[in-house]
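# Structural features, examined
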Amino acid sequence: MQKYRMPLLLAVLAIPFISACEPQSNDKLEQDISALQQDIQQLQQDLTNIGTQVNDIHAVATRSQRPKTKTLPTQVNYTADGEVPLLGDAGAQLAIIEFSDYQCPYCKRFIDQTFDKLKANYIDVGKVQYLTRDFPLSFHPKAKGAAVAANCSLQQDAYWPMRTALFNNMKQLGDELYQQTATDLSLDMTKFSDCLSDPQTLSKVEADMALGTSLGIRGTPSFVVGRIEDNQLVNPQLIVGAQSYETFVALLDGLMKEN
């Protein structure tokens, strides 16, 4: 728009300059003014058209960022009575439930490229609750054991740093890594080791897997995203894959506007 203002300004300034430096008849001056008015009207129409095109481009870009989603039934007890790892404010209007696998490279890509931005701009500021559930895939032999280790760290309030360590050391998953990380986190090692062999811990992981399967989840990472009302996740959307930060922004901001 700026590039049109300068020619327009010069044209307007040219009227007194011409009348001062080049004596003209009144008829010639009126013709020049009339031509200039037509140019101004054309410029105004061009600017209006450009504005419309910019709005159209913005709408297309916004739609392209919004992924294909599947609407799921309302999740009545989406926090499992507080047993699911959770980040964020209890008063948040929205929630994201991530289903992930510690051997999944796409889960790692999401952690590296998107999660920190979501945390800074939505979770830490009280807009979104972020929950995680386990969905170890059958062709990742160490993923289930890593999920058990993460759940054992949850018992000692060290889930999130353990989760970070597991994703950062994906190629070294195994008991040695779990024990060393637990030691580094100053966990009660007897309690941690007992938990690793406790069938109840494995049952919790398998319950997450069963829930994910019932929601139609087949791969990781997958995300259930929705509005929180009366401690329920109302008609959440299922999205699959290591989505970009911009994709989550489009989805979350759209849900906020619905409130």
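Below or above, wherever it landed, is the structure these notes cover. (Residues numbered from 1 in each chain as written. Predicted model: local features only at pLDDT ≥ 70, side-chain atom pairs only at ≥ 80, totals over all residues. Heavy atoms only, no water.)

## Topic: the packing of aromatic side chains
As enumerated under the stated definition, the model contains 8 aromatic pairs in all. Look at F110 and F248: their rings are 5.8 Å apart centre to centre, the planes differ by 50°, and that puts the pair in the tilted class. Taken together, the positions of F110 in helix α3 (residues 105-123) and F248 in helix α9 (residues 245-258) put the pair 138 residues apart, joining distant regions of the chain. An angle of 65° between the planes, with centres 5.1 Å apart, marks the rings of F115 and Y130 as edge-to-face. Within this pair, whereas F115 is found in helix α3, its partner Y130 is found in strand β4 (residues 128-134), the two being separated by 15 residues in sequence. Among the residues examined, Y130 registers a relative accessible area of 0% and is labelled buried. What links up through ring pairs into an aromatic cluster is the set F110, F115, Y130, F223 and F248. One Lys or Arg, K127, reaches over the ring of Y122 and ends 5.3 Å from the middle of that ring. Between the NZ or CZ atom of R163 and the centre of the ring of F115, over which it lies, the distance is 5.5 Å. (Phe/Tyr/Trp six-rings, centres within 6.5 Å; stacked < 30°, edge-to-face > 60°. Helix = DSSP H or I, 4+ residues; strand = E, 2+ residues; numbered from the N terminus. Buried < 20%, exposed > 50% of the residue type's maximum accessible area, 1.4 Å probe, protein only. Lys NZ or Arg CZ within 6 Å of the ring centre and 35° of its normal.)

## What to know about the sheet that holds strand β6 (residues 232-240)
Strand pairing within a sheet occurs via backbone hydrogen bonds; the two strands may be parallel or antiparallel. Here 6 strands make up an open sheet; going across it, the order is β1-β6-β5-β3-β4-β2 and the pairing mixed. Edge positions in the sheet fall to β1 (70-71) and β2 (86-87), since each of these pairs with one other strand and no more. Bridge analysis of β1 against β6 gives 2 bridges, and the strand direction is antiparallel. Bridge pairing links K70 to L238 in β6. Set on the sheet, α9 makes contact with β3 (94-100), β4, β5 (222-229) and β6; between it and β5 the angle comes to about 20°. (Pairing = 2+ DSSP bridges. Contact = heavy atoms within 4.5 Å. Axes fitted to C-alpha atoms, helices over the stretch in contact; angles between N-to-C directions.)

## Focus: the pairing of β6
Bridge analysis of β5 against β6 gives 7 bridges, and the strand direction is antiparallel. Paired with V224 across the bridge in β6 is L238. What sits between β5 and β6 in their antiparallel hairpin is a turn of 2 residues, with D230 showing a positive phi close to 50°.

## Looking at unusual backbone geometry
The omega torsion across T220 and P221 is -5°, close enough to zero to call that bond cis. Mapping P221 onto the fold places it in the loop between α8 (199-214) and β5. Not every positive phi belongs to a glycine, and A80 is a case in point at roughly 50°. Relative to the helices and strands, A80 is located in the loop between β1 and β2. The residue D230 is not glycine, and still its phi comes out positive at about 50°. Tracing the chain through its elements places D230 in the loop between β5 and β6. Judged by its relative accessible area of 72%, D230 is exposed.

## Quick word on the pattern of salt bridges
Applying the stated rule across the entire model yields 7 salt bridges. Between R227 and E229 there is a salt bridge, with the nearest N and O atoms lying 2.2 Å from each other. Given a relative accessible area of 15%, R227 falls into the buried group. With relative accessibility at 37%, the residue E229 sits in the partly exposed group. One connected set of salt bridges, linked through shared partners, spans R133, K204 and D208. (Salt bridge = Lys/Arg side-chain N within 4 Å of Asp/Glu carboxyl O.)

## A look at helix α5 (residues 159-168)
Along α5, 7 of the 10 residues are buried, which leaves the element largely enclosed by surrounding structure. Taken as a whole, α5 has its buried residues at Y159, W160, M162, R163, A165, L166 and F167.

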